[in-house]
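As a plain string of letters, each chain reads:
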Amino acid sequence: QVQLVESGGGSVQAGGSLRLSCSASRFPRSSSCMGWVRQAPGKEREGVVFIDSGGITAYSDSAKGRFTASKDNAENTLYLQMDSLKPEDTAMYYCAAGWAPCGAVVVGSGALTYYGIRYWGKGILVTISS
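Because the structure is predicted, anything quoted here is derived from the model rather than measured.

Details of the nonpolar core
Next, step 1: Core analysis: the biggest nonpolar cluster contains 29 residues, and L4, M34, W36, L80, M82 and Y93 have the highest contact counts within it.
Next, step 2: Elements that contribute at least two residues to this core include exactly β3 (18-25), β4 (32-39), β5 (46-51), β7 (67-72), β8 (77-82), β9 (91-106) and β11 (124-129).
Next, step 3: M82 has contacts with G16, S17, L18, L20, R66, F67, Y93 and V126, leaving out every residue within four places of it along the chain.
Next, step 4: Core analysis: the next-biggest nonpolar cluster, separate from the first, contains seven residues, V37, A96, L112 and I117 among them.

What follows is the structure in structure tokens.
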């Protein structure tokens, strides 16, 4: 069974940084997509960033320029470096993955829409104070 486990969350003041990690077990390193989705209280889930099987990375407009996703293929781990954090970044962050065909597309509103995502971590809380 595919298992995704997040770590690295916490509380930081606005302007600070956090680095999230997602360890994937029993999940292939190719022909798959991995990324991060977040959900704030009372709001819908929104895509933050996804890396497709071809290594193409897509960010939501809110994450672009501040967040950076990377992968350690040897350890099968996905990272999210978050800098210049804002209070509106406060949310539960979920690691997510799926099989090809899968990926993500930025729509006109700047939101990141993902597809083909099947597996989810339990989530990790990120809280940004002003």
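What to know about the environment of G10
Next, step 1: On the secondary structure map, G10 appears in strand β2 (residues 10-13).
Next, step 2: Distance from G10 to I124, taken between C-alpha atoms, is 8.2 Å for residues 114 residues apart in sequence.
Next, step 3: If we ignore the near neighbours within four places in the chain, the residues touching G10 are L18, L125, V126 and T127.

Observations concerning the pattern of salt bridges
Next, step 1: Tallied over the full model, the rule gives four salt bridges.
Next, step 2: For R38, the salt bridge is made with E46, and the minimal N-O distance between the two is 2.7 Å.
Next, step 3: With a relative accessible area of 6%, R38 lands in the buried category.
Next, step 4: Take E46: its relative accessible area is 34%, and that puts it in the partly exposed class.
Next, step 5: Across the pair K64 and D61 runs a salt bridge, and its minimum N-O distance is 3.5 Å.
Next, step 6: On the accessibility criterion, K64 (54% relative accessible area) is exposed.
Next, step 7: Taken together, the shared-partner salt bridges in this structure form one network comprising R38, E46, R66 and D89.

Scoring rules and cut-offs
Throughout, a residue's number is its position along its own chain's written sequence, starting from 1. Where totals are concerned, whole chains, interfaces and linings use all residues; where local detail is concerned, this predicted model gives features only for residues with pLDDT of at least 70, and gives and counts side-chain atom pairs only at 80 or more. Side-chain measures here rest on the full set of heavy atoms in the structure, leaving out hydrogens and waters. In these notes, a set of buried Ala, Val, Leu, Ile, Met, Phe, Trp, Tyr and Cys residues joined through side-chain atoms within 4.5 Å is what counts as a nonpolar core. Relative accessible area decides the class of each residue, using a 1.4 Å probe on protein chains only: under 20% of the type maximum gives buried, over 50% gives exposed, and in between gives partly exposed. By the criteria applied, helices consist of DSSP H or I runs no shorter than four residues and strands consist of E runs no shorter than two, each listed in order from the N terminus. We call two residues contacting when some pair of their heavy atoms lies within 4.5 Å. Whenever Lys or Arg places a side-chain nitrogen within 4 Å of a carboxyl oxygen from Asp or Glu, that contact is recorded as a salt bridge.

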